[in-house]
Amino acid sequence: MQSFLFDSASLDATEEFLSSAYTPMRIGGPVEDARVRISRRAVGPVSVDRLSFGYTMGYDAGSLGKVCLITVHEGTIVDRTDGREEVFGTGETFLIAPPDRPYRGEVRSARYTIAMFDPALLAEAAPAVPAGGGPVRLTGPRAVTPAANRQLTAAVAYLRDGILDNPVACASDLLVSTAAQHLASATLAALPHSARTDAAPADSRDATPETLRRAVSFIDDNADQDLTLAAIAAAACVTPRALQYSFRRYAGCTPLAYLRRVRLSRAHADLKAASPQDGSTVTAVAARWGFAHPGRFAEAYRRTYGVAPSVTLNR
C-alpha cells in the first residue's frame, strides 16, 4: 500500500505536487484562498485519489500514461482539450483523457475522486481485439447511457471504499487484482472503445465443448490465482470472444461467472472444514477466495447454499 496526503494553500506548491503526482502541468487560479487537499491510496496497478479544490483552477497537462477516471461529487470540471468544451457535473464518472494524450481544462470548486489503472488491464478485460489489431483504446469520455454511468461510478466507489480503504483487502493480491479487473471491465462496458463487438468466423468455429472443457479444467486448477479473461482464453488456446461463446452455448454463463462460482464453492468447503475455535472467520475465508465485500459474499452464499456463511462456520 502506498499513500500520501497533500494540503496546501500555495499555488506554486500545488503545481509542483500535481506535476510530480500525475504529469507535468501548468496551473492557474486566484492567489487568495488557493487551498487544495489531495490524498492517495495505491496498490499494484490501481490507485484512487480524493481531491478537493475550493477555487477555480485552470490546468494544462501532459499525458498521464494511465486510464484516468474522474467521479465528480461536488462542483464541475471542464475539459477544453483540442479546443472543445465539455462540462462534467455531480454524479458523473468520465475519462479525463486517453492515456497517451495531453489535456487541459478547469476544476471549478470541485470535490472529486480519481481512479487510475494500467491501460494493459483493458486488453485483459476486452472480449476481442480491435479490428486490425493494436491496443484497446477508449474512444469517448462519457458513459454510453445513464445506467452505464451509474455502474462505472459504483465500480470506482467499490475500489475506493471496499478495497483501498480496507487494510485486509489491500493485503490480498487476489482481492486487489479482482477489483482492478472489475474496474477495467466496467470501464469497457460503460465507455465507447475500439474492441470489436461483432463475432469473427474463427471465434464461432472455436466455440466448442472441447474449448469449454479446457477452460473449465484450467479454472478449477487455478481458482486461487489471479485469473483474467485473457489468461483463461490463452489456456484454452482460443480468443476471449470464442471463450465467451463457448461458455454461453454450453455452460449458460460467462467465464468469469463460472470462476466466481468455483471460488464460492471453495469458500464453502473451507467454512465447512473450519470452526470459530481455530480462529477462522467468514471475512477471512471470503477474502481468501477473492470476495472483498462481506455483505455481497453472504448474499451470494445464501442464494447458493440456503444459509448464511456464519451458520456453516458455526456448525
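Preceding this section is the structure that the text describes.
Source: prediction; values computed, not measured.

Student: Requested: an account of the packing of helix α10 (residues 255-273) against helix α12 (residues 294-305), with residues and values cited.
Tutor: The N-to-C vectors of α10 and α12 enclose an angle of 85°; their axes lie 11 Å apart at closest approach. It follows that α10 is roughly perpendicular to α12 by the angle criterion. Of α12, the residues touching α10 (which contributes Leu-264, Ser-265, Ala-267, His-268 and Leu-271) are Phe-297, Ala-300, Tyr-301, Thr-304 and Tyr-305. Considered class by class, the residues forming the contact of α10 with α12 number 7 nonpolar, 3 polar and no charged.

Student: Describe the pairing of strand β9 (residues 103-117), naming the residues involved and giving the relevant values.
Tutor: For a regular strand, the rule is simple: side chains alternate between the two faces of the sheet. Across the 15 residues that make up β9, a large majority, 11, are buried. Relative to β9, strand β4 (residues 46-53) is paired through 7 bridges, and the arrangement is antiparallel. What sits directly across from Ser-52, in β9, is Arg-111. Across 6 bridges, the pairing between strand β5 (residues 56-61) and β9 is antiparallel. Of the residues in β9, the one forming a bridge with Thr-56 is Arg-108. As paired elements, strand β6 (residues 67-79) and β9 share 11 bridges and run antiparallel to each other. Bridge pairing links Leu-69 to Ala-115 in β9.

Student: Any chance you could break down the nonpolar core for me, citing the residues and the numbers?
Tutor: With 38 residues, the main nonpolar core has Leu-69, Phe-117, Leu-159, Ile-163 and Leu-183 as its most contacted residues. Sorting the residues of this core by element identifies β4, β6, β9, α2 (120-125), α3 (146-164), α4 (167-170) and α5 (173-190) as the ones contributing at least two each. It is α5 that contributes the most residues to this core, 9 residues altogether. With residues up to four places along the chain from it excluded, the contact list for Ile-163 reads Tyr-158, Ala-169, Cys-170, Leu-175, Val-176, Ala-179 and Ala-292.

Student: Kindly report on the state of the cysteines, identifying the contributing residues and their values.
Tutor: Evaluation of the coordinates by the stated rule reveals 0 disulfides. Free cysteine Cys-68: the closest other cysteine sulfur is in Cys-170, separated by 19 Å. With no disulfide of its own, Cys-237 has Cys-253 as its nearest cysteine by sulfur position, at a separation of 20 Å. Accessibility expressed as a relative area gives 61% for Cys-237, which makes it exposed.

Student: Tell me about the packing of helix α7 (residues 209-222) against α10, and name the residues and values.
Tutor: In contact at an axis separation of 10 Å, α7 and α10 are set at 35° when each is read in the N-to-C sense. In terms of crossing hand, the pair formed by α7 and α10 is right-handed. Where α7 abuts α10, its residues Val-216, Ile-219 and Asp-220 lie against Pro-255, Tyr-258, Leu-259, Val-262 and Arg-266. For the contact of α7 with α10, the class distribution of residues is 6 nonpolar, no polar and 2 charged.

Student: Tell me what's going on with the packing of aromatic side chains, and back it up with residues and numbers.
Tutor: Inspection of the entire model under this criterion finds 10 aromatic pairs. A ring pair is formed by Phe-53 and Tyr-112, whose centres lie 6.3 Å apart and whose planes are at 10°; its orientation type is stacked. Here Tyr-112 lies in strand β9 and Phe-53 lies in strand β4, a separation of 59 residues in the sequence. The residues Phe-53 and Tyr-112 share a single accessibility class, namely buried. Every member of this aromatic cluster is reached through a ring pair, and the members are Phe-291, Phe-297, Tyr-301 and Tyr-305. Sitting above the plane of the Tyr-22 ring, Arg-40 keeps its charged end 5.1 Å from the centroid.

Reading the values: rules and limits
Residues numbered from 1 in each chain as written. Predicted model: local features only at pLDDT ≥ 70, side-chain atom pairs only at ≥ 80, totals over all residues. Heavy atoms only, no water. Axes fitted to C-alpha atoms, helices over the stretch in contact; angles between N-to-C directions. Helix = DSSP H or I, 4+ residues; strand = E, 2+ residues; numbered from the N terminus. Parallel < 35°, antiparallel > 145°, perpendicular 65-115°, else oblique. Contact = heavy atoms within 4.5 Å. Nonpolar A, V, L, I, M, F, W, Y, C, P; charged D, E, K, R; others polar. Buried < 20%, exposed > 50% of the residue type's maximum accessible area, 1.4 Å probe, protein only. Pairing = 2+ DSSP bridges. Core = buried A, V, L, I, M, F, W, Y, C linked by side-chain atoms within 4.5 Å. Disulfide = S-S within 2.5 Å. Left-handed = near helix turned anticlockwise from the far one by under 90°. Phe/Tyr/Trp six-rings, centres within 6.5 Å; stacked < 30°, edge-to-face > 60°. Lys NZ or Arg CZ within 6 Å of the ring centre and 35° of its normal.

Scope: geometric values only; no functional claims are made or implied.
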